[in-house]
2 protein chains.
Amino acid sequence: MNKLVDFVKNRRKIIGLTQKELAEKSGVGLRFIRELEHGKQTLRLDKVNDVLRMFGHMMAPEKIEILETGEK
Amino acid sequence: MNKLVDFVKNRRKIIGLTQKELAEKSGVGLRFIRELEHGKQTLRLDKVNDVLRMFGHMMAPEKIEILETGEK
DNA sequence: TCACATTATACCTTTTAGGGTATATAAAGA
DNA sequence: TCTTTATATACCCTAAAAGGTATAATGTGA
């Protein structure tokens, strides 16, 4: 449940692009797309935005929603 | 009009923290806070999230809104 | 099964983000 | 004014992000 990962994976499939095509279109390396879709945390923000721009989106601060109530 | 910059600046002021205090609390360097508040684009996503977590937020994809109608 | 396309992993190199420190400027209070 | 605090700028160094390439592992359709 990583929002960025899910978003890019889904949108890419919808548009019908391969990782390679998305990389080329957004101007980042293929390895970057792979690392992004694998949930790497230490990505550079500008590169992430380069990719999101393909889908009309950008990274922005968003409130964290609580999703697990404390019970073990 | 950089959402991240405005968000961090405002929240930090509201909480009444200095850049140094925010850096220490969020576990990043002071220089990072400075670069963030100056709109540096090439920040690392994990570090940005370290800071946003102090305010209960995280970076997530967000639709780009149109703000300028084409006239010069 | 055999191609072919797509995705995943691993290695190497270059570039640079981030941290630390020192100094400079700015702002706020006496 | 002079201090003190906060913020800004500049330097050096280390760690690692990103890219390229090669290879492996999946898939997918004959």
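Anyway, here's the lowdown on the structure attached to this text. Residue positions are given per chain, counted from 1 along the sequence in the order it is written. Lettering of chains starts at A and numbering of ligands starts at 1, both following the order in which they are written. The predicted nature of this model means local features are confined to residues of pLDDT at least 70 and side-chain atom pairs, given and counted, to a pLDDT of 80 or more, with totals for whole chains, interfaces and linings taken over all residues. Based on all heavy atoms of the structure, the side-chain values leave hydrogens and waters out of the count.

## Thoughts on helix 3 (residues 30–37) of chain B
Residue and element names in this part refer to chain B. When helix 3 is considered as a whole, its buried residues turn out to be Phe-32, Ile-33, Leu-36 and Glu-37. Down the axis of helix 3, the smallest arc covering the buried residues is 125°, so these residues share one side. By definition in these notes, contact holds between two residues if any of their heavy atoms fall within 4.5 Å. Strands here are runs of E lasting at least two residues and helices are runs of H or I lasting at least four, both read from the DSSP assignment and numbered beginning at the N terminus. Summarising the contacts, the buried residues of helix 3 are in contact with helix 1 (3–15), helix 2 (19–26) and helix 4 (45–52). Downstream of helix 3 by a residue or two, Gly-39 has a phi angle that is positive, lying close to 85°. Relative accessible area decides the class of each residue, using a 1.4 Å probe on protein chains only: under 20% of the type maximum gives buried, over 50% gives exposed, and in between gives partly exposed. The arc refers to the directions leading from the helix axis to the C-beta atoms.

## Some words on the pattern of salt bridges
Each salt bridge in this description consists of a side-chain nitrogen of Lys or Arg and a carboxyl oxygen of Asp or Glu lying within 4 Å of one another. Per the counting criterion, the structure on display carries 16 salt bridges over all chains. The partner of Arg-31 of chain B in a salt bridge is Glu-35 of chain B, with the nearest N and O atoms 3.1 Å apart. You can see Arg-31 of chain B and its partner Glu-35 of chain B sitting in helix 3, 4 residues apart, about one turn around the helix. Each of Lys-3, Glu-62 and Glu-65 of chain A takes part in one network of salt bridges that share partners.

## Details of the side chain of Arg-12 of chain A
Residue and element names in this part refer to chain A. Following the sequence through the fold, Arg-12 ends up in helix 1 (residues 3–15). A relative accessible area of 7% means that Arg-12 is categorised as buried. Excluding anything up to four places from it in sequence, Arg-12 contacts Leu-17, Thr-18, Gln-19, Leu-22, Glu-37 and Phe-55.

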